[in-house]
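Tertiary structure, described
The residues making up each chain are set out below.
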Amino acid sequence: MVVSCEEVWREISNYLEGEVDASLRTAMEDHLRGCKHCTAVLDGTRNVVQLYGDERMFEVPLGFSHRLHRRLEENMPGNRRSFLGWMVAAAAAVLVAGSFEVARSSVFSRPELRSEHAQPGARVPPDMLVIVSGDGKTFHAAGCPFIHDKAHIRTIQAREALRQGYAPCVRCMKKYLTA
Amino acid sequence: MPEEVTSLEPPAKPFNEEMLIQRIRNGEHDLFYELIRPYERRVYSAAFAILRNEADAEDVAQEAMLKAFKHIRQFRAEARFSTWLTQITINEARMWRRKEHANIMEPIVDRQDEEGNYTPRDFADWREIPLETLERKEVRQKLAEALASLGEKYRETFVLRDMQHLSIEETAKALGISTASVKTRLLRARLMLRDLLATGFGGSWSSKLFLAKGTKPW
């Protein structure tokens, strides 16, 4: 199969998400090897998805969580918070505020290998963009319900996820594990 | 004996949420703070994606959370709580915009024909931009400006899928459109953002003059 530049552009999103079949993937990769323009489009698009997929892209305003909790508290039945509620809210505020620092300090200081089971990911297309979370051990397709620590997720390439020791989620990546 | 490969990560979160929701329904209202904690940023970002204004986004995020609390009994377990919350936020933001900013004109890119193929305009070879650059406020600012310049339908789709990491199906449901439309809009949004950012990001990441003040690459 031979594909044109236009066909490559049309399928770039699907390609990055691992949603093209094997023959189209092979045809696209053959095309990309010889086409500088399409390679530039693919690299740039992948970079866009990775940059915007990083949790640092959205900063909530300072004090957002505190104001939100206060608003909720004012509107909860009884309008009186229990001691436990205060403790939960305070802990939540500290966690949200602290999450910025945790994310900054932890994202790029990951241990080499998180799991011995990264090997089954060999069939996952290495270019595919996947989701990883701060304290998870597995990588996922977007929307997978088994993503842990949803407050600290980011988008990376499958090859990078494997290199960092993440293993493929056995649910959302099933088709690559059983292929 | 080798460890079993199929049990790397227990699906604890959805069940915890289910339990929390049940307890909130039974009157333990304070647990709602715990339930929404992982999603506060997400709700704010969904509202901001539509309204493009911090103050409005915060008001809408509060309204959406409040509505979620008041209607927690209507939540059906077949959907994910995060998707349900995002849907409420999108609806609130759209209502807010209709009410407060009815006369705002949409960006010009909204008029583009969704059905036609999008042709990339810039073929400059990007060097890979390291994620560390996101530590720089001006970089985040430029990315946010590019996103804000997209037409609403592209911006919403991109934010839900690529920033909030919803699945194609969840994005379609949250926006009330077909999965085919999600894919089309997503492709366009990604390619448009790449074009919008290509000029500024083409090799100038190490420079403090990343984009000259007052000029836009698009």
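Everything numeric here is computed off the predicted structure, so don't read it as measured data. (Residues numbered from 1 in each chain as written. Chains lettered and ligands numbered in written order. Predicted model: local features only at pLDDT ≥ 70, side-chain atom pairs only at ≥ 80, totals over all residues.)

Across its full length, chain A carries seven helices and four strands. Mapped in sequence order, the helices and strands of chain A form the string α-α-α-α-α-β-β-β-α-β-α. Counting every position in chain A, which comprises 179 residues, the buried fraction comes to 39%. In chain A, the share of contacts with a sequence separation of at least 24, taken over all contacts with a separation of at least 6, comes to 67%. (Helix = DSSP H or I, 4+ residues; strand = E, 2+ residues; numbered from the N terminus. Buried ≥ 20, exposed ≤ 12 C-beta atoms within 10 Å, placed from the backbone. Contact = placed C-beta atoms within 7 Å.)

On to the overall build of chain B, then. Within chain B, the secondary structure is distributed over nine helices and zero strands. For chain B, the sequential pattern of α-helices and β-strands runs α-α-α-α-α-α-α-α-α. Counting over 218 residues, chain B shows a buried share of 42%. Relative to all contacts within chain B whose residues are 6 or more apart in sequence, the contacts with residues 24 or more apart total 67%.

Quick look at helix H1 (residues 5-16) of chain A now. Residue and element names in this part refer to chain A. Compared with the 16 Å implied by 1.5 Å per residue over twelve residues, the 16 Å span of H1 between its first and last C-alpha is a close match. Burial in H1 covers these residues: Val-8, Trp-9, Ile-12, Ser-13, Tyr-15 and Leu-16. For H1, the angular spread of buried residues about the axis comes to 165°, placing them on one side. Following H1 by one or two positions, Gly-18 has its phi on the positive side, about 70°. (Expected span 1.5 Å × (residues − 1). Arc of directions from axis to C-beta.)

Right, let's get into the nonpolar core. Core analysis: the largest hydrophobic core is formed by 93 residues, its most contacted members being A:Val130, B:Val43, B:Ala47 and B:Ala61. If you tally residues by element for this core, the top one is helix H9 (residues 179-201) of chain B, at ten residues. Apart from residues no more than four positions distant in its own chain, B:Ala61 is found in contact with A:Leu68, B:Val43, B:Tyr44, B:Ala47 and B:Thr89. (Core = buried A, V, L, I, M, F, W, Y, C linked by C-beta atoms within 7 Å.)

This part covers helix H8 (residues 168-175) of chain B. Side chains that are three or four residues apart share a direction in an α-helix, a result of its 3.6 residues per turn. All names here are of chain B. Among the eight residues of H8, six are classified as buried, and the element is accordingly described as predominantly covered. For H8, the full list of buried residues reads Ile-168, Glu-170, Thr-171, Ala-172, Ala-174 and Leu-175. Gly-176 lies just past H8 and shows a positive phi near 70°.

On to the packing of helix H4 (residues 54-70) of chain B against helix H5 (residues 81-100) of chain B. For any two helices packed against each other, the geometry is given by the interaxial angle and the distance between the axes. Residue and element names in this part refer to chain B. At a minimum axis separation of 9 Å, H4 and H5 run at an interaxial angle of 130°. The pairing of H4 with H5 is recorded here as oblique in orientation. In this structure, the crossing between H4 and H5 has a hand that is right-handed. In contact with Asp-56, Val-60, Ala-61, Glu-63, Ala-64, Lys-67 and Ala-68 of H4, H5 contributes Leu-85, Ile-88, Thr-89, Glu-92, Ala-93 and Trp-96. (Axes fitted to C-alpha atoms, helices over the stretch in contact; angles between N-to-C directions. Parallel < 35°, antiparallel > 145°, perpendicular 65-115°, else oblique. Left-handed = near helix turned anticlockwise from the far one by under 90°.)

Residue and element names in this part refer to chain A. Here strand S1 (residues 129-133) lies mainly inside the structure; five of its five residues are buried. By the alternation rule, side chains of S1 split into Leu-129, Ile-131 and Ser-133 and Val-130 and Val-132, which are all buried. Where S1 meets strand S3 (residues 153-157), five bridges bridge the pair, whose relative direction is antiparallel. Within the sheet, the bridge partner assigned to Val-130 lies in S3 and is Ile-156. (Pairing = 2+ DSSP bridges.)

This part is about the confidence of the model for chain A. Residues and elements named next belong to chain A. For chain A, per-residue confidence averages 79 on the pLDDT scale, and residues scoring 70 or more make up 73% of the total. The weakest mean pLDDT in chain A belongs to helix H5 (residues 83-106) at 58; the strongest belongs to helix H2 (residues 22-34) at 94. Confidence drops under pLDDT 50 across residues 102-113; counting only partners more than four residues distant or on other chains, this segment forms nine contacts. (pLDDT = per-residue confidence, 0-100.)

Once that is clear, we can look at unusual backbone geometry. Residue and element names in this part refer to chain B. The backbone phi angle of Arg-52 is positive, close to 55°, even though this residue is not glycine. If you check the backbone angles, His-165 has positive phi at about 60° while not being a glycine. Relative to the helices and strands, His-165 resides in the loop between helix H7 (152-163) and H8.

The next thing to look at is the confidence of the model for chain B. Detailed reading of predicted coordinates is not advised where the pLDDT is low. Residues and elements named next belong to chain B. Residues of chain B with pLDDT of at least 70 account for 71%, and the chain-wide mean is 77. At the low end of the mean pLDDT range in chain B sits helix H1 (residues 12-25), at 79; at the high end sits H4, at 95. Low pLDDT, under 50, characterises residues 1-12; the stretch is placed with 15 contacts to residues that sit more than four places away or in other chains. Below a pLDDT of 50 lies the segment residues 203-218, which in the model reaches 15 contacts outside its immediate sequence neighbourhood of four places, other chains included. Reported confidence for the predicted complex is 0.72 by ipTM and 0.69 by pTM.

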